[in-house]
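Overview (structure and organization)
One-letter residues, chain by chain:
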Amino acid sequence: MKKQVLSSVLCATMAAALLAGCGSTSTGSAAATSAAAAATSQAAAAATSAAAAATSAAAAATSAAAAASGSTIKVGFAQVGHESDWRTASTNSVQSALSKDNGFDLEFVDCDNDSAAQLQAVRQFIQDQVDYIVIDPIVSTGWDTVLGEAQDAGIPVVVIDRTIDDSDKYTAWVGSEFTNEGLAAGAWLKEYTEAKGIKDVNVLVISGTTGSSAQLGRSKGFDQYVTSEGWNKLDEQTGDFTQDGGQQVMESYCKSYQGKFNVVVCQNDNEAFGAEQAMDAAGVSYGVDGDVILISFDACTAGLTDVLAGKINADFQCNPLQGPDCAKIIKSLAAGQTVEKQTFMAEPWYVHDSDLTSITYTNNAGQSVTEDLVPVTQDIVDADY
Ligand code: GZL
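The structure reproduced in this document is the subject of the present report. No experiment lies behind these values; they were computed from the predicted model shown.

Moving on: the overall build of the protein chain. Across its full length, the protein chain holds 13 helices and 15 strands. Buried positions account for 55% of the 385 residues belonging to the protein chain. For the protein chain, the accessible surface area stands at approximately 14,300 Å², while carbon and sulfur atoms represent 50% of it.

Our next topic: helix H11 (residues 301-308). An α-helix turns once every 3.6 residues. As a result, residues three or four positions apart point the same way. For H11, the full list of buried residues reads Gly 303, Leu 304, Asp 306 and Val 307. Along the axis of H11, the buried positions cluster into a sector of 155 degrees, meaning they face one direction only. A positive backbone phi angle near 85 degrees is found at Gly 310, which sits one or two residues after H11.

This part is about the sheet that holds strand S15 (residues 368-375). Spatial ordering of the open sheet is given by S8-S7-S9-S10-S11-S13-S15-S14, a layout of 8 strands whose pairing is mixed. Two strands in the sheet have a free side with no partner beyond their single neighbour: strand S8 (232-238) and strand S14 (358-362). Neighbour-to-neighbour, the strand axes of the sheet open up by a mean angle of 20 degrees, direction not taken into account.

In this section: the nonpolar core. One recurring pattern in soluble globular proteins: nonpolar side chains tend to sit buried together. Ranked by size, the top nonpolar core spans 28 residues in total, and within it Trp 188, Leu 189, Ile 295, Phe 316 and Tyr 361 carry the most contacts. With sequence-adjacent residues up to four places away left out, Trp 188 is seen in contact with Ile 293, Ile 295, Asn 313, Ala 314, Phe 316, Val 351, Leu 356, Ile 359 and Leu 373.

Consecutive side chains of a regular strand alternate in pointing toward one face of the sheet and then the other. Along strand S4 (residues 132-135), one buried face is formed by Tyr 132 and Val 134 and the opposite face, lined by Ile 133 and Ile 135, is buried too. Taken together, the 4 bridges between strand S2 (residues 73-79) and S4 define a ladder with parallel strand orientation. Bridged to Val 75 within S4 is Tyr 132. When S4 meets strand S5 (residues 157-161), the two strands line up parallel, connected through 3 bridges. Its bridge partner lying in S5, Val 134 is registered against Val 158.

Attention shifts here to helix H7 (residues 178-196). Over its 19 residues, H7 extends 27 Å from the first C-alpha to the last, a length consistent with the 27 Å expected when each residue adds 1.5 Å. Counting buried positions along H7 yields 14 of 19 residues, so the element is predominantly enclosed. One side-chain oxygen of the residue at the start of H7 lies 3.0 Å from the amide nitrogen of Thr 179, identifying that residue as Glu 177. One or two positions beyond H7, positive phi appears at Gly 197, with a value near 70 degrees.

Turning our eyes to something else, we now look at the site of the ligand. Around the ligand lies a shell of 13 residues, among which Glu 83, Asp 161, Arg 162, Arg 218 and Asp 298 are the nearest. One of the side-chain N or O atoms of Arg 87 is found 2.9 Å from an oxygen atom in the ligand. At 2.9 Å, a side-chain N or O of Asn 268 approaches an oxygen atom of the ligand. Taking 320 Å² as the accessible area of the ligand by itself, protein coverage stands at 100%. When residues of the shell around the ligand are traced back to their parent elements, those giving at least two are helix H4 (85-97) and helix H8 (213-229). Looking at the shell around the ligand, its residues break down into 5 nonpolar, 2 polar and 6 charged.

What counts, and at which threshold
Residues numbered from 1 in each chain as written. Predicted model: local features only at pLDDT ≥ 70, side-chain atom pairs only at ≥ 80, totals over all residues. Heavy atoms only, no water. Helix = DSSP H or I, 4+ residues; strand = E, 2+ residues; numbered from the N terminus. Buried < 20%, exposed > 50% of the residue type's maximum accessible area, 1.4 Å probe, protein only. Areas by Shrake-Rupley, 256 points an atom, 1.4 Å probe, with all protein chains shown as cover. Arc of directions from axis to C-beta. Pairing = 2+ DSSP bridges. Axes fitted to C-alpha atoms, helices over the stretch in contact; angles between N-to-C directions. Core = buried A, V, L, I, M, F, W, Y, C linked by side-chain atoms within 4.5 Å. Contact = heavy atoms within 4.5 Å. Expected span 1.5 Å × (residues − 1). Polar contact = N/O pair within 3.5 Å; in protein donor to acceptor, adjacent residues only side chain to side chain. Near = heavy atom within 4 Å. Nonpolar A, V, L, I, M, F, W, Y, C, P; charged D, E, K, R; others polar.

In structure tokens form, the structure reads like this:
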């Protein structure tokens, strides 16, 4: 059944419950992103627990309606893969929000970081005549043809996390402003090196999956500071968002640039864990008491644990919990309502030291923003995704 007609009670319950929780904002501009990103750790922790409460409240309301209507919403989800802690949290968030109890029949495909397999999965969903398709696109291009096929089949597409940059034939997107993540990292490094009196900044970058919007945005944002501050970026190679990838690249860097670098930027926590292993083996000290400043992205639980321990100096969160928003969007569409084209996730910037309390930078929308830096505590680690 293509359309799920839900009672106004269910929609009101869903809207109230989910608006209380998942820390996202619906906006056409990045302004709300920067405001939301200023959320404190307590707000983030509260949002996490509220999101859990919201999801269970919505489940109760939705399962009643689904039982009453006797139908469920069939959804095909083509996930990037299983490359990182972040990805595991993303998969769990979508699977728990689009569960049978919540009125969904979810067809899940792990595309194992293979773009051809991901396109094939979407075409299979079209063949299976699902009601909706959810995609987390491995790379940001090559999508217009298959999205046109979904459109011709009358199947709305919801994109989560990474962006599709060569087509707008999808109904909604929920995710992060990746360029702002890179800009925030650059703004923090500027403040940090100035406060520490570090004049020569020699940077090595371990980037994410080449061509993914997360990699493109983080590189674009950080490189604006490399240029404006005159930092010396010695090299940038992809670690493909994996721990093995981060370790292999860092092993090579330790040989090629021995004694020449004092900053390592890893575009996700799993790469940072691999880089730590390689620097340990090479006898290179890093972190708040080391010779090398280590910057990471995602701020997963294990990443924040390393920030608390002083191994990672700063970790720029990328929020993986798009499940509740995804469910809310699909339920709204099933009820014949319109939805925002873009929904940005709220995401704090975490640091070890508390001497710097905020950063000010010009975000990707050209606005000057000031955002909190959140010193990591055990409570924050315990409340994380
Ligand atoms: C970013 C997400 C990235 C994470 C990585 O939104 O797509 O992919 O930063 C993950 O950990 O593998």
